[in-house]
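Summary of the model geometry
Residues per chain are reported as follows:
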Amino acid sequence: MATFAKPENALKRAEELINVGQKQAALQALHDLITSKRYRQWQKTLERIMFKYVELCVDMQKGRYAKDGLIQYRIVCQQVNVSSLEEVIKYFMQLSTERAENARNQAQAIEEALDVEDLEADKRPEDLMLSYVSGEKGKERSDRELVTPWFKFLWETYRTVLEILRNNSKLEALYAMTAHRAFQFCKQYKRTTEFRRLCEIIRNHLANLNKYRDQRDRPDITAPESLQLYLDTRVEQLKIATNLELWQEAFRSVEDIHGLMSLVKKHPKASLMVIYYAKLTEIFWVSESHLYHAYALFKLFILQKSYNKNLTQKDLQLLASSVLLAAISVNPCHRHHGASHVELENEKERSMRMSSLIGFNVDPKRETRETLSRSALLSELSSKGVMACVSQEVKELYNLLEHEFLPLDLAAKVQPFLTKISKIGGKLASVSSVPEVQLSNYIPSLEKLTALRVLQQVSGVYHTMKIETLSKMIPFLDFSVVEKVTVDAVKYGFVSMDIDHRKGAVTFSNEDIESDGLCDHLMILADSLNKARDMVYPQAKKQSQLGDNLYRLADIVEKEHRRLLARKSIIEKRKEEHERQLLEREREEESKRLKQQKTTEEAEQRRLAAEYTRREEQRIRREIEERELQEAQALLLQAEKGPKKKGKRPVLEGEKVTKQALIEMALSEQLKERQELEKKLQRLAKTMDYMERAKREEEAPLIEQAFLQHLAEEQIIHEREQLREIELSKQHHTGDLQEKNRLARMLDNKVTLQKKIESRRDSEYKRLNKEREDWLNQQLLMRKRDREIKRKLLFYIKSEEERLAKLREEEEARKREEAERRVREEAERKAKLDEIAEKQRQREKELDEKERLRKENLLGRGSEPPLRRPSDSTLAPRPAEPSLAAPAAAAAPATDRYVPKYRREGAAAAAAPPPLSDRWGKSGTLPPQSSDRWRGDDRKPPSSFGGSRMPSSSSSWSSSKRG
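Conventions we followed
Residues numbered from 1 in each chain as written. Predicted model: local features only at pLDDT ≥ 70, side-chain atom pairs only at ≥ 80, totals over all residues. Heavy atoms only, no water. UniProt positions renumbered as here; feature names shortened; annotations may be inferred. Helix = DSSP H or I, 4+ residues; strand = E, 2+ residues; numbered from the N terminus. Patch = residues over 30% accessible without salt bridge, like charges linked within 9 Å, V, L, I, M, F, W, Y side chains within 5 Å. Areas by Shrake-Rupley, 256 points an atom, 1.4 Å probe, with all protein chains shown as cover. Salt bridge = Lys/Arg side-chain N within 4 Å of Asp/Glu carboxyl O. Lys, Arg positive; Asp, Glu negative; His and termini not counted. Charge placed at Lys NZ, Arg CZ, Asp CG, Glu CD. Buried < 20%, exposed > 50% of the residue type's maximum accessible area, 1.4 Å probe, protein only. Contact = heavy atoms within 4.5 Å. Axes fitted to C-alpha atoms, helices over the stretch in contact; angles between N-to-C directions. Parallel < 35°, antiparallel > 145°, perpendicular 65-115°, else oblique. Left-handed = near helix turned anticlockwise from the far one by under 90°. Nonpolar A, V, L, I, M, F, W, Y, C, P; charged D, E, K, R; others polar.

Observations concerning the UniProt feature "coiled-coil region" (unreviewed entry) in the protein chain
Under the UniProt annotation, "coiled-coil region" (unreviewed entry) lies at residues 93-120 and 667-697. Along residues 667-697 one finds 100% helix and 0% strand; the C-alpha atoms at either end are 45 Å apart.

Considerations on a positive patch on the surface
Taken together, R64, K67, R159 and R197 make up a surface patch of like positive charges. Following the sequence through the fold, R159 ends up in helix α7 (residues 138-165).

What about the environment of I49?
With respect to the element layout, I49 can be found in helix α3 (residues 44-60). Its relative accessible area of 0% is what places I49 among the buried residues. With 19 residues separating them along the chain, I49 and L30 place their C-alpha atoms 7.3 Å apart. Setting aside chain neighbours within four positions, we find I49 in contact with P7, L11, L30, L33 and I34.

Focus: the packing of helix α10 (residues 224-243) against helix α12 (residues 270-286)
At a minimum axis separation of 11 Å, α10 and α12 run at an interaxial angle of 30°. What the angle tells us is that α10 and α12 run roughly parallel. The two elements α10 and α12 cross, and the hand of that crossing is left-handed. Where α10 approaches α12, its residues Q228, L231, D232, V235, L238, K239 and T242 are matched on the opposing element by L272, I275, Y276, K279, E282 and I283. The residue inventory of the contact of α10 with α12, partitioned by class, reads seven nonpolar, two polar and four charged.

Side note on a nonpolar patch on the surface
A surface patch of nonpolar side chains, about 380 Å² in accessible area, is lined by F405, L408, V461 and Y462. Here V461 shows up in the loop between α20 (443-459) and β3 (464-466). In this structure V461 comes out as partly exposed when scored by relative accessible area, which is 47%.

Topic: the pattern of salt bridges
By the definition in use, this model includes 47 salt bridges. Residue R13 is joined to E16 by a salt bridge in which the shortest nitrogen-to-oxygen separation is 3.9 Å. Residue R13 and its partner E16 are located together in helix α1 (residues 7-19), separated by three residues, close to a single helical turn. R13 gets classed as partly exposed once you look at its relative accessible area, which sits at 41%. For K52, the salt bridge identified is with E55, shortest N-O distance 3.7 Å. Residue K52 and its partner E55 are located together in helix α3, separated by three residues, close to a single helical turn. Judged by its relative accessible area of 22%, K52 is partly exposed. It is possible to trace a salt-bridge network through shared partners that takes in E200, R203, E249, R252 and D256.

Set out below in structure tokens:
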């Protein structure tokens, strides 16, 4: 390792080595200087050394040397002069780019120069053999030999610079510029593999920044300037990814941009968001995610309408038409029909992820498909005013496909509009960042949608149809395409139909009992039949049977509800158990696969590490041998030059020796020369010492004599100069006195002129001061007037707000009073109705009591009335059976007295059980509390509205209780 006293010496040494053609030695010398710890203080010479060092690295394609040198120079410049590091890196990239471009131009020139001398001659035999052996063409061979090495070095340059600048907050702009240039390199030369690696490198840099937050000189991503640079870099990455058609990388770039935007609360620029949504629409369109494509296009339309002031009416109409066509092009079939729980959860997670990327806030507790859906998007378009901006053709097409019911003529009416729409499109003049909009892209989706609508409408009208007729109804699609559309529609439960090719017929309406269409038809039919039954057979007048049926119906409904809940829970448990088993099986398979993959990857990594270590050892050994050989050759050349000067024979001329012997001989010759040179220098030093001593002994008296002579001459010169200075002073004094006498007569004029100037300046000052005071007074008056106007305006606004607030309060008070009045009227009406009902019940009770007494008198005539205990009223049977009391009273004395035949028959008929049981199914007596509780229940309808009489037993029971 060479050492230098000053950095300038290393630079000179490197230039000398370059001039003699030893660039490797020059590079090594500069590398040793840069990596040395002696020169860690920045100076201008180090910058020149770095420029030369970078030139050598580029010329020799030494990327590793360049990286080491730049890292060491970054350590030197980071805290002192970081702009110097920026200049060196820019120079490094400029040189690499120029050399790559020169190599490419040279390859093109060679390809153009390759010309055939004789156009009629065939290929030469050696050319044919070379083409068969190598398998390459001329251009490919020239590219591999000339262009590829320089492109590799340029790519390595970009990677090196990005690696050096990744954690440097002072060079964020240079980092962004390097990333942009690397993106352009990948775009210009179609380097897809390098572009993927570049995206991964930048992504890892950002991940490390977020992971290690305690690094020195770490960029602050939350700062607006830094965030804007990172966003610009990701947007450029997104553009290049879409240009190279790397849609996976483009989607990952979109996720990166969304992640950066979520770091801060500030909304990015509108121009950047326009590019973001424009590229997002392309990605979703290529991935055939038409729903998300429509949402992204809708967001793009909202942005353009809100922020683009130069948007013309034509461009707005074209953009709105594309949004509406994208929305109705979404397949109306529900993809979740028949899907498992795992698929539904995956779809929900995917929808949540896409909605966050698009910018729609979704409640995670809700079903996401209810939010991001075709119907929700169409309602959003209507509410946001998109429908008002679309063209007339698109609007009519939308009405035909979404609102009209034309099963036979729908396709025929839609076809002309599709033809017109296919011709509409073009580049948006006022929107440079949005790609060309062509409405013809949506024609295939619209044709399939038309076929779906025709099938849906025909299935509601016809049961069977010929295949030929169905094909004629959809003329713009082949029946094979219609059949594919039909398969998807049946799969997702949109329509229910069968195609029988043997009979050449299509059968509709074979729907499942739980399908939506059949459920709707059955519900409509049930409602219609209920209305017709109510019109033909009005409801019965008896309220008691209706009440019993309602109570029984409530029990039945409750039991059926419990049964259905139990069945649902069992089904859910079975589904969860099945899904759990599937998940466990998939998890086990995945763990096995991951374990096997991990084992394979570890083995591959060990093999690659061993291979890399072996290659590195071979490379290091080879470099050491080459360096030793070069040093031996240099020593041999020096050894041969030495004897030639003395006229002797060259060392080892014509002899064959080993490298080690050659090195030892060269070193011995060099040692001998060094010893001879030292002896010669010692003799020369002794001779010079003798000569110097003799010279000084001879010079001593001569020097003393010369000094005395010089001292006398200096004394004479000093006296002469002093006399001359005195004479000049006298002459100057005399001249000054004469000048003073000459100017004394003008002193009065000078005083007069001075006073005039002072008076004029004083008047000018007073005038300017007065003007300034007038201007200030005027400004004060104007500001006072403005404050007065503002105060009056604020007072008026405040008064108007108070007036409006007072009006609102009065309106709210009026509404409250109106509501209270309605509540009071409703309460009064209800009280009146309750009073009428109570009177009606009292009247019925009195009639029932009279009827009972009459029957008792009729049945008990000619016999003794039975004794009645005072507590009979409380222990009487259920009010629903009043006729049991008379037979009991008549049958009591049957063992003592004679009863006529007609009385016995009447008593038997009265003792017969009633045809209907009570609502509890019991015929015995019940406690009075249950009767009172069920009578006071709110669920019992009032008897006054039914128009039917209650049983007499109920009235007697109530009257006896009150008694």
